[in-house]
Amino acid sequence: MVRYILKRMMYMALTLFLIASVTFFLMKMLPGSPLKDTDDLTKAQEEMLLERYGLNDPISVQYAKYIGALVQGDLGTSFHFSNTPVTKIIKDRIGPSMQLGAQALVLGTILGIGLGLIAAVFHNGVWDYTSTTLAVLGISIPSFVFAGLLQWIFAVNLGWFPVALWGGFEYSILPTIALMIFPLATAARFTRTEMIEVLGSDFILTARAKGISEYAIVLKHGLRNALIPLITVIGPMAASLMTGTLVIEQIFAIPGLGEQFVMSVMVNDYPTIMGTTLLLAFLFIVIILVIDLLYGLIDPRIRVDGGKSS
Amino acid sequence: MTAHDFVFGWQRAVDPETASVTGLYTVSEILENGTAVNQGELPVEELGVKADGDYTFVVTLAKPVPYFESLLVTMTFLPQNEAFVTEHGDNFATSADTLLSNGPFKMTEWESTASKWVMEKNEDYWDADVVQIEKITYNVVKDPQVAADLYEKGEIDRADISSDLVDQYISHDDFTAFDENALFYLRINQTRNEALANENVRAAIISAFDKQALVDSILNNGSKVSYGALPDNYSKHPETDEDFREINGKLADYDVEAAQAAWAKGLEELGTDKIEVELLADDNELNKQMTEYLANQLQKNLEGLAITIRMVPFEQRIELDKNMNYDLEITGAGASYLDPYSWLNHFVTDGGNNMGYSSERFDHLIDQAMNDLAMEPVKRFEAFLEAEKVLFEESAFAPMYQRAKAQLVSPRIKDAYAMPFAKDYEYKWASVTE
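To start, this report covers the structure provided alongside it. Bear in mind the structure is a predicted one, so any value in this text is a computation, not a measurement. (Residues numbered from 1 in each chain as written. Chains lettered and ligands numbered in written order. Predicted model: local features only at pLDDT ≥ 70, side-chain atom pairs only at ≥ 80, totals over all residues. Heavy atoms only, no water.)

**Considering the overall build of chain A**
Piece 1. Counting secondary structure elements, chain A contains twelve helices and zero strands.
Piece 2. Listing each helix as α and each strand as β along chain A from the N terminus yields α-α-α-α-α-α-α-α-α-α-α-α.
Piece 3. Once the C-alpha set of chain A is aligned to its principal axes, its extents read approximately 85 × 60 × 30 Å.
Piece 4. Taken over 310 residues, chain A has a buried fraction of 45%.
Piece 5. Within chain A, residue pairs in contact and separated by at least 24 positions form 74% of the contacts whose partners lie at least 6 positions apart.
Piece 6. By element, 71% of the accessible surface of chain A is carried by carbon and sulfur atoms, the whole surface being about 15,600 Å².
Piece 7. Counting 20 positive and 21 negative side-chain charges, chain A places the averaged centre of each group 11 Å from the other. (Helix = DSSP H or I, 4+ residues; strand = E, 2+ residues; numbered from the N terminus. Buried < 20%, exposed > 50% of the residue type's maximum accessible area, 1.4 Å probe, protein only. Contact = heavy atoms within 4.5 Å. Areas by Shrake-Rupley, 256 points an atom, 1.4 Å probe, with all protein chains shown as cover. Lys, Arg positive; Asp, Glu negative; His and termini not counted. Charge placed at Lys NZ, Arg CZ, Asp CG, Glu CD.)

Next comes the structure, spelled out in structure tokens:
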């Protein structure tokens, strides 16, 4: 097990390195200058700044310097946010994104599984159609429409929640609901499909024949088997939910990371682009590792160290 | 605060190491040895500023500068405390903790990554007794509809209203619109597309689109048609007090017949019946409509003209603009001080007009106004009037509109003034009534 994890971590480092390299070269192909206020800068000033930030060096030298700093954990300093280190940008901005992402993920998954279970148990009944319709709506309505509607109904008209901005917990409720609709619908869909299949299989029939309660059959024997594909899709979703979403952040005026990321690409802020991309990649890889380990826990038939389990 | 803070602040602005974007055009140009210091030929100590004791600041100008007083309110000319600036080095003014202020308010909460900041009354301000506002909070809200909703809920006291929301709020009691110090115009690059080097072709483009309809239907926020290089109510005749714009009148107006006549002449001179040009603009919602409108108007009124629209992110447009890699471009300009020169300076040869415009007549008039006539206000004003006329006799660019800002402003806020340049608002005398 430990050997497996160590091996995986080596691969993770390699993956991160590859992502860093590819992003670096792709980013250098972005058109436009990375400097701010270029319309007011003179040629001489522009030269001086490019020199200062090492942007006049050959690409290979810039690349070597970047990777060198990266290995030491230095993500560089943003060109656009007044000398702010990229680590600080991430640190200052990730809080709201993480909170919203985690709330949406947990709540969305739990409710989604519940909805999926109801649909599967009452297969082809009214409950099934209701929950399937909800899931389809959740997947197909774009989040900006849904977020806008929520805001308009519950904040502007009913006044139950704050319209926008970021403060205490009450400010996070509407954005969480808006953000959770996609994991919820996804979880519901997968749970339903898997549960219908599992509930129709032979071992469930055996369990029923043995007289085990319907409750135990559904939750203990059925759900556990249905969770595998669900984790496969929810995991990667977690990485993107936690690093912030531009649309939700703009609609609710939340100081999150998603907006910062998009903005950094728009203005060619190289260090910030790299920093946020690597953060997303890192979260992604870690989550995939966690998922692989979870498989073993949920389904003993899957063992990470090649069947030598004891 | 002492005179030394001014000496240090001004020297720092001109110092080439600072790479100030405003230093070069304002401080260096007017101070003794300014340009030489800015180009690194002389040390900063040679700049024409010195402290005579702690409380007298002596400035030596390179030449008479009639608009000097209005320059002093711009941020480049504010004092800086040397010990404080040196202590914070690269982090100076990057957060509320690393900046100093001696104005009516001080920043108490701000980070470079923040979307919210707070200013509070500065008890040490020399005129603190007249300052009534205790605290001002700013929130960044990118979606204008959300800002309006926050306003309606009473969460904020002022919200900007974008063009698409104006119809919805124009009858609101708190709706106001004011002219901004920003003129938008069509740059015509004479260096890339052979056809645009032709004066008649440029003249045709300048007068072939209906600006009133553009302002009424697309902008719809109180913006006004602009007819020259200076807006209304910016500069007054030193003796008669008549407005600059009123005296020179409409130098570039919508006139299809004149446009078509010039167009026919231009085509003949070029020996062609088809001209293709590219229209460059920032990639935003407003420009989607604006570029479509312009292309439609120009193509409809000028037969044989084909326009390709190219919309790119801001940073990329600036690069294309600087490299003069465009044909037509929607761009804006503002003034930094109270003088016609602030609007006209970039049209001089190599003054950064980025469209290859160069005119001996224009250059000469500006040179006269800035040097020989510097001490003769009336003649100087007349030279500027003449210079603006030259721009349009030579069909340099196409004025479009002066932007207005539409807002919802709470009636309980009194005496908060929007400023024409240097800063957005002045809150020193502002108050809140309940």
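And the narrative resumes.
**A word on unusual backbone geometry**
Where the residue is not glycine, phi is negative for most of them; where a peptide bond is considered, it is trans in most cases.
All names here are of chain B.
Piece 1. Here the phi dihedral of Ser-395 falls at roughly 50 degrees; this positive angle occurs in a residue that is not glycine.
Piece 2. Here Ser-395 is to be found in the loop between α16 (377–393) and β12 (397–409).
Piece 3. Relative accessible area serves as the criterion here: at 5%, Ser-395 is assigned to the buried category.
Piece 4. Non-glycine residue Asp-415 carries a positive phi angle of around 60 degrees.
Piece 5. Counting through the fold element by element, Asp-415 comes out in the loop between β13 (413–414) and β14 (417–418).
Piece 6. A residue is classified by how much of its surface remains accessible, and Asp-415, at 39% relative accessible area, is partly exposed.

**Overview of a nonpolar patch on the surface**
Residues and elements named next belong to chain A.
Piece 1. Residues Phe-144, Val-145, Leu-149, Trp-152, Ile-153, Leu-158, Trp-160 and Val-247 make up a contiguous nonpolar surface patch of about 770 Å² in total accessible area.
Piece 2. The element that contributes the greatest number of residues to the nonpolar patch is helix α6 (residues 143–157), accounting for five residues.
Piece 3. In this fold, Leu-149 is placed in helix α6.
Piece 4. Assessed through its relative accessible area of 42%, Leu-149 is described here as partly exposed. (Patch = residues over 30% accessible without salt bridge, like charges linked within 9 Å, V, L, I, M, F, W, Y side chains within 5 Å. Salt bridge = Lys/Arg side-chain N within 4 Å of Asp/Glu carboxyl O.)

**Quick notes on the nonpolar core**
Piece 1. Residues Leu-186, Phe-362 and Leu-391 of chain B are the most contacted members of the largest nonpolar core, which totals 93 residues.
Piece 2. Here this core takes eight residues from α16 of chain B, the largest share from any one element.
Piece 3. Per-domain counts for this core show at least three residues from each of domain 1 (3–92) and domain 3 (180–404) of chain B.
Piece 4. By size, the runner-up hydrophobic cluster in this structure holds 66 residues, among which are Val-163 and Leu-179 of chain A together with Ala-148 and Phe-175 of chain B. (Core = buried A, V, L, I, M, F, W, Y, C linked by side-chain atoms within 4.5 Å. Domains from an automatic or database assignment.)

**What to know about the interface of chain A and chain B**
Piece 1. Facing the 41 residues of chain A at the interface are 32 residues of chain B.
Piece 2. Contact between chain A and chain B buries roughly 3,000 Å² in total, counting both sides, with carbon and sulfur atoms accounting for 53%.
Piece 3. Broken down residue by residue, the surface that chain A buries against chain B is led by Gln-45, Val-163 and Leu-165 of chain A, which jointly contribute 15%.
Piece 4. Along the contact surface separating chain A from chain B lie nine residue pairs in polar contact (both at pLDDT 80 or more). (Buried area = accessible area lost by both parts, 1.4 Å probe. Polar contact = N/O pair within 3.5 Å; in protein donor to acceptor, adjacent residues only side chain to side chain.)

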